Amino acid sequence: MAIFLAALGVIIGVLTLALGLAVDVAEALFLAHPHLVWLLPVAGIASYGIYHVLHLDFSWSTARVLKASKSDGRVPLALVPAIIVGTFLTVLCGGSVGKEAAAIQMGGGLTSLFREKVAERYRRLLAPAATAAALGAMLGAPLAGVVFSFEAVRKRPSKFVEVVAPLFTSLLSWGVTMIVGVRFLELPSVSVLELADYRIIGIALASAVGAGALAVVFCKAFEAMKGGLRRVGSPVFALAVGGVVTALVLGYADPLHYEPIRDYCGTGMALVDGALSGNRLPSWAFLAKLALTLLTFAGGYKGGELMPILAIGACLGSSIDWAFVVAGGGVLSGGAPVVEMSMMAFFAACTNCPLTAMVLSFELFGSVGLIASALPVIVASLISCSSSIYPTTLTG
């Protein structure tokens with residue numbers, strides 16, 4: 001079994017590199033050639049065609065992969081090339097999607113390689129191992145990947161091997177990216193908190209309430225749009241409509257002089273980096289990223305949800321920090337801790353995975369990040385406890 005887990009971890013690490021680099025290339029091409037947005041409907045229909053050729057149901061998503069993982073169901077191997085190409089095409093033409101959740105779908109598909117080769121009693125280990133490996137490698141946070149593999153499906157490990165398997169694959173896949181020297185999430189360190197100042201509690205609570213309330217809005221809108229997509233019936237029609245609307249919004253940015261809207265396309269990694277580096281984002285930045293993300297997923301376009309969620313949270317944190325500075329209550333250096341608080345709180349609230357958020361905060365920002373994010377993550381999760389983009393996190 002160890003050999004199969006090792007092979008799974010290495011393969012996921014290599015394919016995570018391929019997915020991450022493909023998306024980075026797509027994002028760079030869109031930035032250089034923003035008029036590619038007019039091809040977004042074509043890219044969506046091309047993605048649908050690829051799924052059709054590979055005999056895949058176009059409804060495969062991160063939520064569906066996690067649901068299959070929870071019930072020990074089979075995820076088709078063909079999902080691996082389909083989600084890589086689909087995510088590339090979406091980002092290439094300006095869609096607001098990420099690659100972390102897409103990596104989870106890819107990892108789920110790879111379990112089919114080993115499903116018939118391992119003993120039946122070990123098959124249930126493959127899905128959490130693949131989820132942990134994919135998320136750990138893409139975020140550079142192997143421990144968060146392990147926690148997410150259990151928390152996202154509300155499954156408590158009952159045996160030691162159930163923890164060791166995902167930890168083993170996650171460390172291996174993460175090791176592959178480290179050996180190659182690629183980190184997809186390069187973040188500046190969070191500055192030291194002024195813990196003695198009582199106003200830190202007010203800022204933390206503001207971040208928590210803002211992130212929790214916005215997460216409820218995002219999740220409800222996300223679910224409503226998915227429901228509307230199901231009622232449309234034909235994915236091709238939804239892709240065409242969603243693509244045309246997005247193309248019109250972004251395509252007329254130059255003649256109508258609102259070019260900065262393009263900053264909110266793609267994964268949103270640049271927004272996260274900018275906000276944490278102390279760059280002042282527009283007060284409406286989180287609304288722009290949220291709207292484009294919802295519009296992209298409403299059309300049924302392929303890609304991941306997690307990086308856009310982190311980007312929305314980072315933009316929200318920048319706005320909260322700006323509000324406190326204007327009010328004369330800013331106490332945190334450069335605004336980075338406020339951004340980190342809001343980013344992790346929004347992630348926790350949208351996924352209903354507070355433990356993952358805190359471990360991720362520790363791995364990305366160290367002990368200072370964990371201290372800063374603990375209260376906002378808990379409060380935001382309590383506010384949005386009945387909302388999540390993943391149905392598996394709402395049921396036991």
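These numbers were taken from a predicted model, which means no experiment stands behind them.

## A look at the overall build of the chain
Part 1 of the reasoning: Helix and strand content of the chain: 15 helices and zero strands.
Part 2 of the reasoning: Rg of the C-alpha trace for the chain: 20 Å, near the compact-globule value of 21 Å for 396 residues, within the 12% margin.
Part 3 of the reasoning: Each principal axis of the C-alpha distribution contributes one length, and for the chain these read about 65 × 50 × 40 Å.
Part 4 of the reasoning: Across the chain, the fraction of contacts at a sequence separation of at least 24, relative to all contacts at a separation of at least 6, is 80%.
Part 5 of the reasoning: Carbon and sulfur atoms provide 70% of the accessible area of the chain, an area that totals close to 15100 Å².
Part 6 of the reasoning: Here the chain holds 24 positive side-chain charges and 21 negative ones, and the gap between their average locations is 12 Å.

## As for the environment of Val85
Part 1 of the reasoning: Structurally, the position occupied by Val85 is in helix H4 (residues 79-92).
Part 2 of the reasoning: A C-alpha to C-alpha distance of 9.3 Å links Val85 and Val23, two positions 62 residues apart in sequence.

## Quick word on the packing of aromatic side chains
Part 1 of the reasoning: For the coordinates displayed, the defined rule picks out nine aromatic pairs.
Part 2 of the reasoning: The ring of Trp60 has Arg64 lying over it, and the distance from NZ or CZ to the ring centre is 4.0 Å.
Part 3 of the reasoning: Looking at Lys302, its charged tip hangs above the ring of Phe58, at a distance of 4.3 Å from the centre.

## Quick notes on unusual backbone geometry
Part 1 of the reasoning: Unusually for a residue other than glycine, His55 sits at a positive phi of about 60°.
Part 2 of the reasoning: On the secondary structure map, His55 appears in the loop between helix H2 (40-53) and helix H3 (62-70).
Part 3 of the reasoning: Of note, the phi angle at Asn352 is positive, near 60°, even though the residue is not glycine.
Part 4 of the reasoning: Mapping Asn352 onto the fold places it in the loop between helix H14 (336-351) and helix H15 (354-383).
Part 5 of the reasoning: Taking the relative accessible area as the measure of exposure, Asn352 reaches 8% and is therefore buried.

## Let's talk about the side chain of Thr90
Part 1 of the reasoning: You can see Thr90 is positioned in helix H4.
Part 2 of the reasoning: Setting aside chain neighbours within four positions, we find Thr90 in contact with Leu40, Gly95, Val97, Thr296, Tyr301 and Lys302.

## So, H3
Part 1 of the reasoning: For H3, the complete set of buried residues consists of Thr62, Ala63, Val65, Leu66, Ala68 and Ser69.
Part 2 of the reasoning: Asp72 occupies a position one or two residues after H3 and carries a positive phi of about 60°.

## Concerning the packing of helix H13 (residues 306-326) against H14
Part 1 of the reasoning: H14 packs onto H13 with a crossing angle of 135° between their chain directions and a minimal axis gap of 7 Å. Judged by the angle between their axes, H13 and H14 are oblique. Crossing handedness for the pair H13 and H14: right-handed. On the side of H13, the interface is formed by Leu306, Ile309, Leu310, Ile312, Gly313, Ala314, Leu316, Gly317, Ser318, Ile320 and Asp321, while H14 contributes Val338, Val339, Ser342, Met343, Phe346, Phe347, Cys350 and Thr351.
Part 2 of the reasoning: Grouping the amino acids of the contact of H13 with H14 by side-chain chemistry returns 13 nonpolar, five polar and one charged.

## Here we look at the nonpolar core
Part 1 of the reasoning: Counting residues in each nonpolar core, the largest one holds 110 residues, and the members touching the most others are Leu8, Phe148, Phe218, Met343, Phe346 and Tyr390.
Part 2 of the reasoning: Ignoring any residue separated from it by four or fewer positions in sequence, one finds Met343 in contact with Val272, Leu276, Leu310, Gly313, Ala314 and Phe365.

## Considerations on the side chain of Thr246
Part 1 of the reasoning: Note on placement: Thr246 falls in helix H10 (residues 235-251).
Part 2 of the reasoning: Given a relative accessible area of 2%, Thr246 falls into the buried group.
Part 3 of the reasoning: Setting aside residues no more than four positions away along its own chain, Thr246 makes contact with Val37, Leu40 and Leu295.

## Description of the environment of Gly210
Part 1 of the reasoning: Tracing the chain through its elements places Gly210 in helix H9 (residues 199-232).
Part 2 of the reasoning: Sequence separation of Gly210 and Pro376 is 166 residues, and the distance between their C-alpha atoms is 9.5 Å.

## Comments concerning the packing of H2 against H4
Part 1 of the reasoning: The geometry of H2 relative to H4 is characterised by a closest axis approach of 9 Å and an angle of 175° between their N-to-C directions. Compared by their axis directions, H2 and H4 come out roughly antiparallel. For the pair formed by H2 and H4, the contact residues are Leu40, Ala43, Ala46, Ser47, Ile50 and Tyr51 on the first element and Leu79, Ala82, Ile83, Val85, Gly86, Leu89 and Thr90 on the second.
Part 2 of the reasoning: Looking at side-chain class alone, the contact of H2 with H4 contains 10 nonpolar, three polar and no charged residues.

## So, the pattern of salt bridges
Part 1 of the reasoning: Enumeration according to the criterion identifies four salt bridges in this entry.
Part 2 of the reasoning: With its nearest N and O atoms 3.1 Å apart, the salt bridge here joins Arg64 to Asp57.
Part 3 of the reasoning: By relative accessible area, Arg64 is classed as partly exposed at 30%.
Part 4 of the reasoning: For Asp57, a relative accessible area of 40% translates into the label partly exposed.

## As for H13
Part 1 of the reasoning: Between its terminal C-alpha atoms H13 stretches 30 Å, which fits the 30 Å expected from 21 residues at 1.5 Å a residue.
Part 2 of the reasoning: The buried fraction of H13 is high, at 16 of 21 residues.

## Considerations on a nonpolar patch on the surface
Part 1 of the reasoning: Taken together, Trp38, Val244, Leu248, Tyr252 and Leu256 make up a surface patch of nonpolar side chains, about 480 Å² in accessible area.
Part 2 of the reasoning: Looking at the element boundaries, Tyr252 is found in the loop between H10 and helix H11 (269-276).

## A look at the confidence of the model for the chain
Part 1 of the reasoning: Chain-level statistics for the chain give a pLDDT mean of 87 and a share of 92% at 70 or above.
Part 2 of the reasoning: The secondary structure element of the chain with the lowest average pLDDT is H9, at 85, and the one with the highest is H4, at 95.

The rules behind each value
- Residues numbered from 1 in each chain as written.
- Predicted model: local features only at pLDDT ≥ 70, side-chain atom pairs only at ≥ 80, totals over all residues.
- Heavy atoms only, no water.
- Helix = DSSP H or I, 4+ residues; strand = E, 2+ residues; numbered from the N terminus.
- Rg over C-alpha atoms; globule rule 2.2 N^0.38 Å.
- Contact = heavy atoms within 4.5 Å.
- Areas by Shrake-Rupley, 256 points an atom, 1.4 Å probe, with all protein chains shown as cover.
- Lys, Arg positive; Asp, Glu negative; His and termini not counted.
- Charge placed at Lys NZ, Arg CZ, Asp CG, Glu CD.
- Phe/Tyr/Trp six-rings, centres within 6.5 Å; stacked < 30°, edge-to-face > 60°.
- Lys NZ or Arg CZ within 6 Å of the ring centre and 35° of its normal.
- Buried < 20%, exposed > 50% of the residue type's maximum accessible area, 1.4 Å probe, protein only.
- Axes fitted to C-alpha atoms, helices over the stretch in contact; angles between N-to-C directions.
- Parallel < 35°, antiparallel > 145°, perpendicular 65-115°, else oblique.
- Left-handed = near helix turned anticlockwise from the far one by under 90°.
- Nonpolar A, V, L, I, M, F, W, Y, C, P; charged D, E, K, R; others polar.
- Core = buried A, V, L, I, M, F, W, Y, C linked by side-chain atoms within 4.5 Å.
- Salt bridge = Lys/Arg side-chain N within 4 Å of Asp/Glu carboxyl O.
- Expected span 1.5 Å × (residues − 1).
- Patch = residues over 30% accessible without salt bridge, like charges linked within 9 Å, V, L, I, M, F, W, Y side chains within 5 Å.
- pLDDT = per-residue confidence, 0-100.

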